[in-house]
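# A look at the structure
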Amino acid sequence: MRILKGIAASSGIGIGKAFLYIHEKLVVPHSEIEASQVDAEKSRYLHALDVVAGDLKVIGGGAFSDDQHKILETHLLMLQDPEFKHEVINTITNEHKCAEWAVEDVLAGLITILEQAPDPVLRERSADLYDIGWRVIRSMMGKLRPRLSTIHDEVILVADTLLPSEALSLDPHNIKAIALNGGGRTSHVAILARALQIPTVVGLGSITDKVTTGDEIIVDGNHGEVAVRPSTASASKMRLRYERWMAHEKKLQELTALDAVTTDGHRVELKANMETLEELDSVLSHGASGVGLYRSEFLFLKPGGASEEEQFHAYRAVIERMRDVGAVTIRTIDVGGDKVIPGMDGFGEENPILGWRAVRFCLSRKDIFRVQLRAMLRASAYGKLKIMFPMISGIEELENVMLVLEQVKEECRKTRVPFDEEIQVGTMIEVPSAALCADIIARKTDFFSIGTNDLIQYTIAVDRGNEKIAYLYQPFHPGVLRLIKMIVDKGHEAGIPVGMCGEMAGDPLSSVLLLGLGLDEFSMSPQSLLEIKNIIRGVSFSDAQELAAKVMEMDSYVKINTYVREWMHDRFDNFATA
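Quick summary incoming for the structure in this document. These numbers were taken from a predicted model, which means no experiment stands behind them.

### Remarks on the overall build of the protein
Of regular secondary structure, the protein possesses 22 helices and 17 strands. Put simply, the protein has 578 residues, and 55% of those count as buried. In the protein, of all internal contacts separated by at least 6 residues, the share reaching a separation of at least 24 is 69%. Summing over all exposed atoms, the protein offers an accessible surface of approximately 24600 Å²; the carbon and sulfur share of this is 50%.

See the structure below:
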């Protein structure tokens, strides 16, 4: 028996026989061509583009949700990207490389750029580009990959990698769980696994070397563990964990339609974070009361960017789906730093996290910013939309972005473009200077949303992506908690609600403490919603306030972490598995 530890990408536990799926290592011909063969090679390449586009459209004709079709549309856009096509044609023409070699060469260069990006989401999007590029190469070489849709038995899928187009063909009735060598939580495969509710563990290293088809395997997507050929005792233990998890999940599902109300009647809002349309089904099925953070920048991180019409239709689609549920808060484009727009210059900074990003980018590229604001305003006519500005550092930046918004509103009025005249506008508080000036900023905005991911690393001066100092990234650092308390208090004094959309909002360990600090709204990954709701409905607001008061007297994150953990364990039987 072997227990392998990876990254929990989709919750749940799957038990069954392994189905090993390893991608064949193709050797691409590196053939130099004569000048007389250039036109024929270009024709072969263009024909392969048409074939692959046809294949994707056939796949898209299946019984998929609108969200899954969106991924296929993204792949089609990548396939049709004029810059990629131009580079391949140039390589064939000028370097006299055969078509397969030219595609491989251009593809490798683009993937290298994406994989070196600081943003893990952007790095993982390289899988989409790899998927499309190798589909084209395989088409030209006549090497077709077996279809996962032909699996008709209930199995655990074990693979070296899983491309997004392959994940789209999975049948959740037959695929009981997924275990992958690589990958991360923000990849399209992980997003699709969560949408399909398939337990998934990624980043397992070399599980394909340790498993053969038919092996019994247990995948624990809650803890990020995989048991290969478990012993009788270990299998019994994992099955007991599975039964407890299933009972707990069944209990949580009963909470879907209920409000997040404490035992003494204090209500908070539980909303979802999302970045792609394929997550909407999960947002709705987990009982979100709205979308607290729609990361709009992911529309811009594909080749070609996003036009006003593309943005408008994306925003409208989300708002209309959520019309009867709650408001959708869209964060304006937060590129720069660790998120780079492909093909755009100016992002090569020595310290990008403190550089040209978010509203700083928007104020210097008002051509892009105004288009986005116009698309948002147009979409607001179809439901409840809120606009949220990220990375505000002080009142000057807020006034400048509000001025641009007012100018775009006036343009819409003059051209008789309908929009919600009462649209609410808020700011993320994720910079210490903004937290310290929260009372000033609160006078100019309709709501706050605390972005803890950046607030923590800026407050403690720690790069959360640096493994050498990752231990310093502590949400329970007294300095961080004091800033959160200050933001909440100053927001309430100004009469505006205060929410949180960082990872801390979806952390069960933090939930009661944040409730006691006065947070009005928690926005998180959809899969965390019911667990947090269960905790909130299981405590009184007065007890949460007492916990917060006790914690605010403590002088170290070690003491706070220990005290809060013990407090939670004393009150929640399932907290250890939350």
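Picking up after the structure, the text goes on.
### So, the sheet that holds strand S6 (residues 200-202)
Strands sit in the order S1-S8-S7-S3-S4-S5-S6-S2 across an open sheet of eight strands; the sheet is mixed. Pairing within the sheet leaves two strands with one partner each, and these edge strands are strand S1 (2-5) and strand S2 (7-10). Neighbouring strand axes in the sheet, compared pairwise and without regard to direction, differ in orientation by 30 degrees on average. In this sheet, S6 lies alongside S2 in antiparallel orientation, the contact comprising three bridges. Looking across to S6, one finds that Ser-10 is bridged to Thr-200.

### Some thoughts on unusual backbone geometry
For Arg-416, which is not glycine, the phi dihedral falls at a positive 55 degrees. Look at Ala-461: it is not a glycine, yet its phi comes out positive at around 60 degrees. Within the secondary structure layout, Ala-461 lies in the loop between helix H17 (452-460) and helix H18 (478-493).

### Comments concerning the nonpolar core
Judged by nonpolar contacts, the single largest core of 102 residues is most densely connected at Leu-270, Tyr-294, Phe-389, Phe-448, Ile-450, Ile-484 and Phe-522. In contact with Phe-389, not counting residues within four places along its chain, are Thr-332, Val-359, Phe-369, Leu-373, Leu-398, Val-401, Met-402, Leu-405, Val-425, Gly-426, Thr-427 and Met-428.

### Quick look at the packing of helix H11 (residues 308-321) against helix H13 (residues 366-379)
Geometry of a packed helix pair, given as the angle between the helix axes and the separation of the axes. The interhelical angle for the contact between H11 and H13, taken along N-to-C directions, is 35 degrees, at an axis separation of 8 Å. The handedness of the crossing between H11 and H13 comes out as right-handed. From H11, Glu-308, Glu-309, Gln-311, Phe-312, Tyr-315, Arg-316 and Ile-319 reach across to H13, where they touch Val-371, Gln-372, Arg-374, Ala-375, Met-376, Arg-378 and Ala-379. Taken together, the residues that form the contact of H11 with H13 break down as seven nonpolar, two polar and five charged.

### Brief notes about helix H21 (residues 541-551)
Listed as buried for H21 are Phe-541, Ala-544, Leu-547, Ala-548 and Val-551. Angular distribution of buried residues about the axis of H21 spans 115 degrees; they occupy a single face of the element. Along its buried surface, H21 packs onto H18, helix H19 (508-516) and helix H22 (557-571).

### Comments concerning the pattern of salt bridges
A full pass over the atoms with the stated rule returns 31 salt bridges. Put simply, Arg-241 and Asp-220 hold a salt bridge, and the shortest N to O gap is 2.5 Å. Placement of Arg-241 in helix H9 (residues 232-253) and of Asp-220 in strand S7 (residues 216-220) is noted, with a sequence separation of 21 residues between them. Taking the relative accessible area as the measure of exposure, Arg-241 reaches 23% and is therefore partly exposed. Look at Asp-220 and you get buried, because its relative accessible area is 0%. Residue Asp-259 pairs with Arg-267 through a salt bridge whose shortest N-O separation is 3.1 Å. Overall, the relative accessible area of 45% leaves Arg-267 in the partly exposed class.

What counts and what doesn't
- Residues numbered from 1 in each chain as written.
- Predicted model: local features only at pLDDT ≥ 70, side-chain atom pairs only at ≥ 80, totals over all residues.
- Heavy atoms only, no water.
- Helix = DSSP H or I, 4+ residues; strand = E, 2+ residues; numbered from the N terminus.
- Buried < 20%, exposed > 50% of the residue type's maximum accessible area, 1.4 Å probe, protein only.
- Contact = heavy atoms within 4.5 Å.
- Areas by Shrake-Rupley, 256 points an atom, 1.4 Å probe, with all protein chains shown as cover.
- Pairing = 2+ DSSP bridges.
- Axes fitted to C-alpha atoms, helices over the stretch in contact; angles between N-to-C directions.
- Core = buried A, V, L, I, M, F, W, Y, C linked by side-chain atoms within 4.5 Å.
- Left-handed = near helix turned anticlockwise from the far one by under 90°.
- Nonpolar A, V, L, I, M, F, W, Y, C, P; charged D, E, K, R; others polar.
- Arc of directions from axis to C-beta.
- Salt bridge = Lys/Arg side-chain N within 4 Å of Asp/Glu carboxyl O.

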